[in-house]
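Breakdown of the fold
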Amino acid sequence: MEGRYDEAERIYLRLHQHNRNDEEVLYLIGVLCCDLGIFQQACRFLEQAQKLNPLFPEAAQQLVLALKGQAGQDMEAGKFALAEAGLRRAQKLAPNDDDCLLMLGRAVMLRSNFALAESLLSDFLQRAPDHAQALNWHGLACLQQKKHAAAEQSLRRALAANPKQSQVRNNLGISLYEQGRVAEAHDCFLTALIHDPSYVNARVNLANTLRILGHAQEARVHIEQLLAADPDSVELLNNLGTVLQDLGEALPARQILERAVAIAPASPQARWNLALSQLLLGDYGRGWENFEARWDGCANLRGAYDKPAKLAWHGESLAGKRILLWAEQGFGDSLQFIRFADRLQQSGATVIVEAQPELARLLASAPGVAQVVARGAALPPYDFHCPLMSLPYRLGIADLAAVGRTAYLTPDLAQAGHWKTQLARFPGRRIGLAWAGKSRLQNAELAAIDARRSVKLQQLAVIVETADCSFFSLQKGPQADELDAAGLPLHDFSAAWGDFADTAAFIVNLDLVITVDTAIAHLAGALGKPVWLLNRRDTCWRWLLERADCPWYPSLRQFRQTRGGDWESVVAAVAAELKNYSPP
């Protein structure tokens, strides 16, 4: 009967018309339907056969095959819920069917139930520990739950079973990248491409690692090659825009990202990156609006919006209302945007601020702030809330001239007086130094930015050698350990500072602060103290482009890299200026 399924089908259906209650005929028709790949009909006939004779093992076995076949077709069609339901029926009939368990794990994963998928695939791997496909899917399920070490383990086992699996190697690269092991991830993506040069996802991921490793021009070449084949890809346009931002090409970056947003206006990633370009170029009117896409477009902020949407402030009258302003990102962001609190107070609002505990005491001194609550403590009742960094958008801040204030934070007078007495014994101009931003090692991209914006203390030696100056460390965190090894004449009182209010009381007694792009720059600027910013080439949007001043902080002066990574010329320029510096 081989090759004559159509004739066999007619014979079996004719038999079925005359023998509708013959389980043997129903079973044979079910087998034929399976052979023809029409599994839905096969299930119908085989279920009838099993119903007529529950003790018909061949029918039950064939029904399991039919259910698995139909589930496979459902998964290909994107009908994952139907596939899962069918596989669960098959599993009841054949609890020890390994293939059914494997398929069920995949179906559940395709429905985004990653925890259950991990569990099912773990059960399968107990039976078949070297099954490469199951190990890959198990690794993916772990990746989706941010269990990166577990994902790495499964994916390495999958590669041990078959080293030429480009998809597995790409997934392993993602796992390594998420663990901050960017160089290893780069090697994985590169090897995946060697095995499969047409693997687009691996090339995109390779370009991303190249950018983070400081090879933005190489990343650009890869992305532009991919765009030549797919010029309207929003993902590729977004990636190219990001690469151009890193290369300091703000105008081309904005143009590319505008194109991405024109193609996909709802893409939060494209709108978020466009906002960064617009703000960097001083286009605050449109930039703040697109900046609102950060909650979905910025990976680091997903899930951070934890306040009730129904109480979000959209510009309604605040007369007689209580509004909660809440910190959403870093210390510097809170210090920069608390300046707008008094505008809300002037419109009749009572302003409550939820801030990082380290900032709570200092932010209470900001004009317009009635109460500060440390994050994690119980909040008082409020009528509206607004993230601090949404204030410029809600207030309609479109003009650079509207953002600057000479000073808007005030340290405790008694503390400031204490440090004035302590510092009186140090001769010459008193200079504070901070050389590194906080390391955000939990995110590879942010960690790379932190490395680019920071210097080693030893690189500042020529500054510290300036005559008629006393230098003081303002550095906190692990980088402060460089003090002992550097052997430079820096005085360190940081052990006495418990929060930013303590640091502020110290800084107001200095003649000048010299710092890289970190919260200290914002703190000194908000206090109205002279501050010199050592700024990297791929600057943050808030420092704008090609300016030595800063509209946000009138007391701040910028010394900018002209080439990425070139701190030597920046430090030399600062040292030269410091020789003739006179405190205001």
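Residue numbers here run from 1 along each chain, matching the order of that chain's written sequence. Local features in a predicted model are, by the rule used here, given only for residues with pLDDT of at least 70; side-chain atom pairs are given and counted only at 80 or more, and totals for whole chains, interfaces and linings are based on all residues. Values reported for side chains reflect all heavy atoms of the structure, with hydrogen atoms and water molecules removed beforehand.

Here's the deal with the confidence of the model for the protein
Of the residues in the protein, 96% reach a pLDDT of 70 or more, and the chain-wide mean stands at 91. For residues 1–5, every residue scores under 50 in pLDDT, and the model assigns this stretch five contacts once sequence neighbours within four places are set aside. The predictor's confidence in any single residue is recorded as pLDDT, a number from 0 to 100. Between two residues, a contact is recorded if the distance between any of their heavy atoms is within 4.5 Å.

Quick look at the sheet that holds strand 5 (residues 429–434)
Taken in spatial order, the six strands line up as 7-6-5-8-9-10 in an open sheet, and their pairing is parallel. Edge positions in the sheet fall to strand 7 (490–491) and strand 10 (556–560), since each of these pairs with one other strand and no more. Judged from the five bridges that link them, strand 5 and strand 6 (residues 469–473) form a sheet pairing that is parallel. Each residue of the ladder has a partner; that of Arg429, found in strand 6, is Cys469. Of the strands in this sheet, strand 5, strand 8 (512–516), strand 9 (531–535) and strand 10 are in contact with helix 28 (residues 519–526), which crosses strand 8 at around 150°. When DSSP finds at least two bridges between two strands, those strands are taken to pair. Labels follow the DSSP assignment, with helices taken as runs of H or I lasting at least four residues and strands as runs of E lasting at least two, numbered in each case from the N terminus. Throughout, an axis means a line fitted to C-alpha atoms (over the contacting stretch in the case of helices), and angles, computed between N-to-C directions, take values from 0 to 180 degrees.

Points about the packing of helix 8 (residues 132–144) against helix 10 (residues 166–178)
Across the interface, helix 8 lies against helix 10 with an axial gap of 10 Å and an inter-helix angle of 25°. In terms of their interaxial angle, helix 8 and helix 10 are classed as roughly parallel. Considering the relative orientation of helix 8 and helix 10, their crossing is left-handed. Residues Asn136, Leu140 and Leu143 of helix 8 pack against Gln167, Val168, Asn171, Ile174 and Ser175 of helix 10. Throughout, the ten residues Ala, Val, Leu, Ile, Met, Phe, Trp, Tyr, Cys and Pro are labelled nonpolar, Asp, Glu, Lys and Arg are labelled charged, and all others, Gly among them, are labelled polar. Among the residues making up the contact of helix 8 with helix 10, the classes are represented as four nonpolar, four polar and no charged. By definition in this entry, angles of less than 35 degrees are roughly parallel, angles greater than 145 are roughly antiparallel, angles of 65 to 115 are roughly perpendicular, and the rest are oblique. Here a crossing is taken to be left-handed if its near helix is turned anticlockwise relative to the far helix by less than a right angle, and right-handed if that turn runs clockwise.

Examining the packing of aromatic side chains
Note on ring pairs: Phe, Tyr and Trp rings are taken, using the six-membered ring of Trp, and paired if centres are within 6.5 Å. Classes follow the plane angle, with under 30 degrees stacked, over 60 edge-to-face and the rest tilted. Applying the stated criterion across every chain yields a total of 28 aromatic pairs. Their ring planes at 35° and their centres at 5.6 Å tell us that Trp295 and Trp326 sit as a pair that is tilted. With Trp295 in helix 18 (residues 294–297) and Trp326 in strand 1 (residues 322–326), the pair connects residues that are 31 residues apart, well separated along the chain. Ring geometry for Trp419 versus Phe493: centroids 5.5 Å apart, planes at 70°, classification edge-to-face. With Trp419 in helix 23 (residues 413–423) and Phe493 in the loop between strand 7 and helix 27 (500–507), the pair connects residues that are 74 residues apart, well separated along the chain. Like Phe493, Trp419 is buried. Throughout this description, the term charge over a ring refers to an Arg CZ or Lys NZ atom that lies within 6 Å of the ring centre and within 35 degrees of the ring normal. Sitting over the face of the ring of Phe45, Arg44 holds its NZ or CZ atom 4.9 Å from the ring centroid. Relative accessibility decides the category of a residue: with a 1.4 Å probe and only protein chains considered, values under 20% of the type maximum give buried, values over 50% give exposed, and everything between is partly exposed.

A short note on the pattern of salt bridges
Salt-bridge detection follows one rule: a side-chain nitrogen of Lys or Arg within 4 Å of a carboxyl oxygen of Asp or Glu. Throughout the structure, instances matching the rule amount to 31 salt bridges. Two residues, Arg111 and Glu84, come together in a salt bridge whose shortest N-O distance is 2.9 Å. Here the residue Arg111 occupies a position in the loop between helix 6 (98–110) and helix 7 (114–127), and Glu84 occupies one in helix 5 (residues 80–93), the gap between them amounting to 27 residues. Judged by its relative accessible area of 44%, Arg111 falls in the partly exposed class.

Concerning the sheet that holds strand 3 (residues 369–374)
Strand order in this open sheet of four strands is 3-2-1-4, and the pairing throughout is parallel. The open sheet has two edge strands with one neighbour each: strand 3 and strand 4 (384–387). Across the sheet, the mean angle from the axis of one strand to that of its neighbour is 25°, orientation sign disregarded. Relative to strand 2 (residues 350–355), strand 1 runs parallel, the two being bridged by five bridges. Among the inter-strand pairings, Trp326 is bridged to a residue of strand 2, identified as Glu354.

Comments concerning the pairing of strand 1
Each regular strand displays side chains that alternate between the two surfaces of the sheet. Where burial is concerned, most of strand 1 is hidden: four out of the five residues are buried. Inspection of the sheet shows strand 1 paired to strand 4 by four bridges, in the parallel sense. Opposite Leu324, over in strand 4, you have His385 as the bridge partner.

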